[in-house]
Amino acid sequence: MHDVYTHDLTKLLKPAGLKAAHDQMLKSNIDFNVNWNIVKDWSEQDRYKPVITEIASKDMYAAIVDPKNGDCHG
Amino acid sequence: MAEAVLVTEYLTTSMIDAGNQLLQKLEGSGLVMDAAFWLYHSEAAEWRLTLAVPDVDTEGPKRVYTRILEVLRAQNGGHPGLSPVNVTVLSPNATLVRVLASATSLIALAGKRLSGNRLNGVYVDDIYILR
């Protein structure tokens, strides 16, 4: 239960029951792998960043909503 | 055959070696890096090879991660080595990178580990500077 008290997306995979499926996707799908690498870097501390570039914002958004290889698909 | 590098809660020499090998390959591919270090993420309880790459600001993280993945796949010949998910890219303008650069010469810090340090007001749990 303690494992869910985190903002770290990588750590949340296990308590969510998604770790095995996620690992398989990382191995088999390069586009998903790239998207996950972008998304995993999100931190709740990002709200304190003085600057987030437009391209970084667009890459993050695209990595999340990509209907085929995004991190909110399914 | 390349072997998988186990990235653990504890920094190991095999992680440091794998990081240095990847840096060489990335530089050989033309990727410019202003700094590189293993950084401990306490919330995830794991170390991540962190690269400060100017292209993150100009080309975006997607292109940079794509290039890194291509190098990792070529380096490992299809076999697992250092996992891409253990790599993080940053803008050279990220607070931590700027703090490291301003604290002292990064060259002087190469190969050094700083644990529980406050650098110019920024607390760093644990960091091992590669370059």
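Not measured: the values here are computed from a predicted model.

*Asks:* Looking at this structure, I do not really get the environment of B:D126. What am I missing?
*Replies:* Residues and elements named next belong to chain B. Secondary-structure assignment places D126 in strand β5 (residues 122–129). Residue class for D126 comes out partly exposed when judged on the 17 C-beta atoms lying within 10 Å of it. As a C-alpha pair, D126 and A101 span 25 residues in sequence and 17 Å in three-dimensional space. The contacts of D126, once residues within four sequence positions are left out, are Y40 and S115.

*Asks:* Could you clarify how one ought to interpret the packing of helix α3 (residues 30–40) of chain A against helix α4 (residues 54–65) of chain A in this entry?
*Replies:* Two packed helices can be described by the angle between their axes and the distance between those axes. Residues and elements named next belong to chain A. Running from N to C, α3 and α4 point in directions that differ by 125°, and their axes come no closer than 9 Å. By the angle class used here, α3 and α4 are oblique. For the pair α3 and α4, the sense of crossing is left-handed. On α4, the residues that touch N35, I38 and V39 of α3 are D59, M60, A63 and I64.

*Asks:* For this particular structure, what's the right way to read unusual backbone geometry?
*Replies:* In most cases, non-glycine residues show a negative phi, while peptide bonds are predominantly trans. Even without being a glycine, B:A45 presents a positive backbone phi close to 55°. Summarising the element assignment, B:A45 is placed in the loop between β1 (35–41) and β2 (46–52).

*Asks:* Explanation requested: the nonpolar core in the structure shown.
*Replies:* One broad rule of soluble globular proteins: the nonpolar side chains tend to lie buried together. Membership of the largest hydrophobic core comes to 31 residues, with the highest contact counts inside it found for B:F37, B:W38, B:L51 and B:V89. Every element with two or more residues in this core is listed here: α3 and α4 of chain A together with α1 (13–28), β1, β2, α3 (61–76), β3 (87–90) and β5 of chain B. Here B:F37 is in contact with B:T50, B:I127, B:Y128, B:I129 and B:L130, once residues within four sequence places are set aside.

*Asks:* Help me understand the pairing of β1(B), please; the structure alone is not making it clear to me.
*Replies:* For a regular strand, side chains alternate in direction, first toward one face of the sheet and then toward the other. All names here are of chain B. Looking at chain direction, β1 and β2 are connected through seven bridges and run antiparallel. From the neighbouring strand, A35 faces β2, where its bridge partner is A52. Here β1 pairs with β5 via three bridges, running antiparallel. Following the sheet pairing, W38 is matched in β5 by Y128.

*Asks:* Looking at this structure, I do not really get the environment of A:P15. What am I missing?
*Replies:* All names here are of chain A. Counting through the fold element by element, P15 comes out in the loop between α1 (9–12) and α2 (19–28). Judged by C-beta crowding, with 14 C-beta atoms within 10 Å, P15 ranks as partly exposed. When residues no more than four places from it in sequence are discounted, the contact partners of P15 are D3 and V4.

*Asks:* What is the right way to look at the interface of chain A and chain B in this model?
*Replies:* Interfaces are often sized by the accessible area lost when the parts come together. The interface is formed by 19 residues belonging to chain A together with 13 residues belonging to chain B. Mapped onto the side of chain A that touches chain B, the elements with two or more residues apiece are α1, α3 and α4 of chain A. Take the side of chain A that touches chain B: its biggest share by element is seven residues, from α3(A). When grouped by side-chain class, the residues that make up the side of chain A that touches chain B number eight nonpolar, six polar and five charged.

Criteria and thresholds
- Residues numbered from 1 in each chain as written.
- Chains lettered and ligands numbered in written order.
- Predicted model: local features only at pLDDT ≥ 70, side-chain atom pairs only at ≥ 80, totals over all residues.
- Helix = DSSP H or I, 4+ residues; strand = E, 2+ residues; numbered from the N terminus.
- Buried ≥ 20, exposed ≤ 12 C-beta atoms within 10 Å, placed from the backbone.
- Contact = placed C-beta atoms within 7 Å.
- Axes fitted to C-alpha atoms, helices over the stretch in contact; angles between N-to-C directions.
- Parallel < 35°, antiparallel > 145°, perpendicular 65-115°, else oblique.
- Left-handed = near helix turned anticlockwise from the far one by under 90°.
- Core = buried A, V, L, I, M, F, W, Y, C linked by C-beta atoms within 7 Å.
- Pairing = 2+ DSSP bridges.
- Nonpolar A, V, L, I, M, F, W, Y, C, P; charged D, E, K, R; others polar.

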